[in-house]
Amino acid sequence: MVSQLQRAKTQKHKERKMATTSYFLLAVFLALASSQAIASDPSPLQDFCVADKHSPVKVNGFACKDPMAVNADDFFKAAKLDEPRNTMHSKVGSNVTLINVMQLPGLNTLGISIARIDYAPLGLNPPHTHPRATEILTVLEGTLYVGFVTSNPNNTLFTKELNKGDVFVFPQGLIHFQFNSVHDKPAVALAALSSQNPGVITIANAVFGSKPPISDDVLAKAFQVEKGTVDWLQAQFWENNHY
């Protein structure tokens, strides 16, 4: 009798343990599923949701314009991306022309945008990240040396020299750059990004050009340099090459 009671208790304990394990695995699965769901722009639930920039409603993105008021111009912009951009006034020698939801309301909820990037000879699109988008780059003219760095702890650098017609992908959120290593010819690239508003964080601008400035005590310790070096870097004009 005691033995049967003990076996029954043991069986119930096993069942409770299995149930706890199942709940844990379910929770992990749901967490992973939800992390994937919020990893990029949400999927549209209708044919389109043209951005209504005048709506008082605040949502993640823009509220939808009344579909009855939508017309073809909401999906169109005479961007003239075939025309060269001026790189002469850029300290880094590049000019990024981004077409996102702010310029093209029809992109709202569609999870995509596009950019033309012009590079002067020896021009650089400096190290930066897109917090909300993966980028795929196609070289239209010239030669580019490109690369990205993986996250901690390895910080592996992947680089490639691209020629006209070549394609390269920069994973979402990773620091990357493009450099025209040719001293006498410009280069042009077209980039597609997996967000209606990919955002850009240029590393030097964010670290040394923040407003108000990050404490030089913090930066001196982070970069293991003297405060004077940090002060000098913070005094520079960190230009935005996105126009």
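Each value, and the rule that gives it
Note on numbering: residues in each chain are counted from 1, in written sequence order. Per-residue local features are limited, in this predicted model, to residues with pLDDT of at least 70; the limit for side-chain atom pairs, both in listing and counting, is 80 or more; totals at the level of whole chains, interfaces and linings are taken over all residues. Side-chain metrics in this entry use all non-hydrogen atoms of the structure; hydrogen atoms and water are not considered. UniProt positions are given in the numbering used here, feature names are shortened, and annotations may be inferred rather than shown by experiment. Strand pairing is assigned whenever DSSP detects at least two bridges linking the two strands. Secondary structure counts use DSSP, requiring at least four H or I residues in a row for a helix and at least two E residues in a row for a strand, with both numbered from the N terminus. Working convention: axes come from line fits to C-alpha atoms, limited for helices to the stretch in contact. Angles between N-to-C directions cover 0 to 180 degrees. Whenever a carboxyl oxygen of Asp or Glu lies within 4 Å of a side-chain nitrogen of Lys or Arg, that contact is scored as a salt bridge. Buried means the residue's accessible area, taken with a 1.4 Å probe over protein chains only, is under 20% of the maximum for its type, while exposed means over 50%, and partly exposed covers the values in between. In this description, the arc belongs to the directions extending from the helix axis to the C-beta atoms. Every residue pair with non-hydrogen atoms within 4.5 Å of one another is taken to be in contact. Ring pairs shown here join Phe, Tyr and Trp side chains whose ring centres sit within 6.5 Å, with only the six-membered ring taken for Trp; geometry is labelled stacked below 30 degrees between planes, edge-to-face above 60, and tilted in between. Patch membership needs two things, relative accessible area over 30% and no salt bridge, and members are linked within 9 Å if like-charged or within 5 Å if nonpolar (Val, Leu, Ile, Met, Phe, Trp, Tyr). Computed by Shrake-Rupley with a 1.4 Å probe, the accessible areas treat only the displayed protein chains as cover when residues are assessed.

- Per an unreviewed UniProt entry, the chain goes by Germin-like protein and derives from Urochloa decumbens.
- In UniProt, the chain has this text filed under Sequence similarities (unreviewed entry): "Belongs to the germin family."
- Within the UniProt record for the chain, the comment given under Subcellular location (unreviewed entry) is "Secreted, Extracellular space, Apoplast".

**What to know about the sheet that holds strand β6 (residues 157–162)**
Okay, so step 1: Here five strands make up an open sheet; going across it, the order is β6-β5-β8-β3-β10 and the pairing antiparallel. Of all strands in the sheet, those with a lone pairing partner are β6 and β10 (201–202), marking the two edges.

**Quick notes on the sheet that holds strand β4 (residues 135–141)**
Okay, so step 1: Strand order in the open sheet formed by five strands is β1-β2-β9-β4-β7, and the pairing between neighbours is antiparallel. Two strands lie at the open edges of the sheet, namely β1 (94–99) and β7 (167–170), each paired on one side alone. Neighbour to neighbour, the strand axes of the sheet diverge by 20 degrees on average, direction disregarded.
Okay, so step 2: The pairing of β4 with β7 spans four bridges and is antiparallel. Looking at β7, one finds that Ile 136 is bridged to Val 169.

**Regarding the pattern of salt bridges**
Okay, so step 1: Inspection of every chain in the model, using the stated rule, returns four salt bridges.
Okay, so step 2: Residue Lys 65 pairs with Asp 74 through a salt bridge whose shortest N-O separation is 3.1 Å.
Okay, so step 3: Relative accessible area serves as the criterion here: at 23%, Lys 65 is assigned to the partly exposed category.
Okay, so step 4: Look at Asp 74 and you get buried, because its relative accessible area is 9%.

**Concerning helix α4 (residues 227–234)**
Okay, so step 1: Burial in α4 covers these residues: Val 230, Leu 233 and Gln 234. End-on view of α4: buried residues confined to an arc of 95 degrees, all on one side of the axis.
Okay, so step 2: Buried positions along α4 lie against α2 (203–208) and α3 (216–223).

**Focus: the packing of aromatic side chains**
Each aromatic ring pair is characterised by the separation of its centres together with the angle its planes make.
Okay, so step 1: For the structure shown, the criterion picks out seven aromatic pairs.
Okay, so step 2: Residues Phe 48 and Phe 75 carry aromatic rings whose centres are separated by 5.4 Å and whose planes lie at 75 degrees to one another, so their mutual orientation is edge-to-face. Residue Phe 48 is located in the loop between α1 (2–37) and β1, and its partner Phe 75 is located in the loop between α1 and β1; the two are separated by 27 residues in the primary sequence.
Okay, so step 3: Given a relative accessible area of 38%, Phe 75 falls into the partly exposed group.
Okay, so step 4: Taken together, the aromatic side chains of Phe 148, Phe 158, Phe 168 and Phe 170 make up a single cluster linked through ring pairs.

**Side note on a nonpolar patch on the surface**
Okay, so step 1: A surface patch of nonpolar side chains, about 230 Å² in accessible area, is lined by Ile 136, Val 167 and Val 169.
Okay, so step 2: With respect to the element layout, Val 167 can be found in strand β7.

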